[in-house]
Amino acid sequence: MIWPSRTFSKRGPRTRAAHLAAAFLLSLPLATAATVSGSVQLRDSRSDAVNKKHDYSGVIISLRPVSQPAPPPPQKHAVMLQKNKVFSPHILPVIAGAIVDFPNADPIFHNAFSSYNGQIFDVGLYPPGTSKSVHFVRPGVVRVFCNIHPSMSSIILVLATPWFTSTAKDGSFRLDVPPGSYELSVFHERSTETTLQNLTQRILVTGEATKLQPLAVSEAGFLNSPHTNKYGKPYAPMPDDRSVYPGVRN
Ligand SMILES: [Cu+2]
């Protein structure tokens, strides 16, 4: 909306209304991008990266709007690559409704499946250079594995919001969101569900920068139990991919 310049030369209620409207419009770019920042420190860890190198990266911080509906998921697909027998990224946060592609960039077959409650799926075995897609419909933690390679694992964190970020090595994070009321949630793969639940908090984001109190995220009580294959059975000994798929490199 463009206000004619002469409007501002008049006096009276209409002028004030015009000024107010103009001020509102001018304030919009600022109001749509309030910054929330903070930091995470991992505690009670058995990881060398955490204890010796103070590596606090990979914790997902999300802000779910509570006073307004979350925007719809993006049209663009999210990507979890399979390369060198590794899912990448290891943790992929997406909004519910998003589609994730699983391109296979290795010269061997791969699979991707989850038998956990977050979302059960199985894309089957698929050849090098091809891709499969999965639509993630509801919020939850989806633990993803490959039915051939037991060392391959990843997490797709399906959230009810498009506003999420991952902590940097020093534990810092920053999110730009529209002003409003939010529920802040923390996800860390080596923390128990109870620990993470207790870190959930309501925050009010105004048009100014919001700096949060540091978050201490404990890894106490976490058990890294081995996962089974898609049939719920232990994995067979590691296959030699060259014998399974003649002519391809392992
Ligand atoms: Cu695989």
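Scoring rules and cut-offs
Residues numbered from 1 in each chain as written. Predicted model: local features only at pLDDT ≥ 70, side-chain atom pairs only at ≥ 80, totals over all residues. Helix = DSSP H or I, 4+ residues; strand = E, 2+ residues; numbered from the N terminus. Buried ≥ 20, exposed ≤ 12 C-beta atoms within 10 Å, placed from the backbone. Contact = placed C-beta atoms within 7 Å. Pairing = 2+ DSSP bridges. Axes fitted to C-alpha atoms, helices over the stretch in contact; angles between N-to-C directions. Core = buried A, V, L, I, M, F, W, Y, C linked by C-beta atoms within 7 Å. pLDDT = per-residue confidence, 0-100.

A few points about the overall build of the protein chain
Moving on, step 1. The helix and strand tally for the protein chain stands at four helices and 18 strands.
Moving on, step 2. Put simply, the protein chain has 250 residues, and 23% of those count as buried.
Moving on, step 3. Here the contacts in the protein chain between residues at least 6 apart in sequence split such that 64% fall between residues at least 24 apart.

Some points on the sheet that holds strand β13 (residues 164–166)
Moving on, step 1. Taken in spatial order, the four strands of this open sheet run β13-β2-β15-β16, and their pairing is antiparallel. If you trace the sheet from one side to the other, it starts and ends with β13 and β16 (201–205), each paired once. Put simply, the sheet's adjacent strands are angled 25° from each other on average, direction ignored.

A short note on the environment of Ala 112
Moving on, step 1. When you line up the elements, Ala 112 lands in the loop between β7 (99–101) and β8 (113–114).
Moving on, step 2. Residue Ala 112 is classed as buried on the basis of its 25 C-beta neighbours within 10 Å.
Moving on, step 3. Along the primary structure Ala 112 and Tyr 126 are separated by 14 residues, whereas in three dimensions their C-alpha atoms are 9.2 Å apart.
Moving on, step 4. Not counting chain neighbours up to four residues away, the residues in contact with Ala 112 comprise Phe 102, Val 123, Lys 132, Val 144 and Cys 146.

Details of unusual backbone geometry
Moving on, step 1. For the peptide bond that leads from Ser 88 to Pro 89, omega is 5°, which places it in the cis range.
Moving on, step 2. One can find Pro 89 in the loop between β5 (86–88) and β6 (91–95).
Moving on, step 3. Phi is positive for Asp 44, close to 55°, though the residue is something other than glycine.
Moving on, step 4. Residue position: Asp 44 is located in the loop between β1 (34–43) and α2 (48–51).
Moving on, step 5. The phi angle at His 54 is positive, at roughly 50°, despite the residue not being glycine.

A closer look at the nonpolar core
Moving on, step 1. By size, the foremost hydrophobic cluster in this structure holds 37 residues, and its most contacted members are Val 94, Val 100, Phe 136 and Ile 156.
Moving on, step 2. Elements supplying a minimum of two residues to this core: β1, β2 (60–65), β6, β11 (140–145), β12 (153–159), β15 (180–187) and β18 (215–218).
Moving on, step 3. Per-element tally for this core: the top contributor is β12, with five residues.
Moving on, step 4. The contacts of Val 94, once residues within four sequence positions are left out, are Ala 78, Val 100, Phe 136, Ile 156 and Val 158.

Notes on the sheet that holds strand β10 (residues 133–135)
Two orientations exist for strands paired in a sheet by backbone hydrogen bonds: parallel and antiparallel.
Moving on, step 1. Ordered by their spatial adjacency, three strands build an open sheet running β3-β7-β10, and the pairing between neighbours is mixed. Each edge of the open sheet carries a strand with a single partner, namely β3 (78–79) and β10.
Moving on, step 2. In the sheet, β7 pairs with β10 via three bridges, with the strands oriented antiparallel. Note on β10: the bridge partner recorded for Asp 101 is Ser 133.

Considerations on the confidence of the model for the protein chain
Moving on, step 1. Residue-level pLDDT values for the protein chain average 86, and 82% of them are 70 or greater.
Moving on, step 2. Long-range and interchain partners of residues 20–30, a stretch whose pLDDT sits below 50, account for four contacts in this model, where long-range means more than four residues apart.
Moving on, step 3. Throughout residues 243–250 the model reports pLDDT below 50, and contacts reaching past four residues in sequence, or to other chains, amount to eleven contacts.

A short note on the pairing of β12
Each regular strand displays side chains that alternate between the two surfaces of the sheet.
Moving on, step 1. Of all the seven residues making up β12, six are buried; the element is thus mostly covered by neighbouring parts of the structure.
Moving on, step 2. Note: β6 against β12, five bridges, orientation parallel. The residue bridging Val 94 from the neighbouring strand is Val 158, located in β12.
Moving on, step 3. Pairing of β11 with β12, which is carried by six bridges, proceeds in the antiparallel orientation. Its bridge partner being in β12, Val 144 is matched across the sheet by Ser 154.

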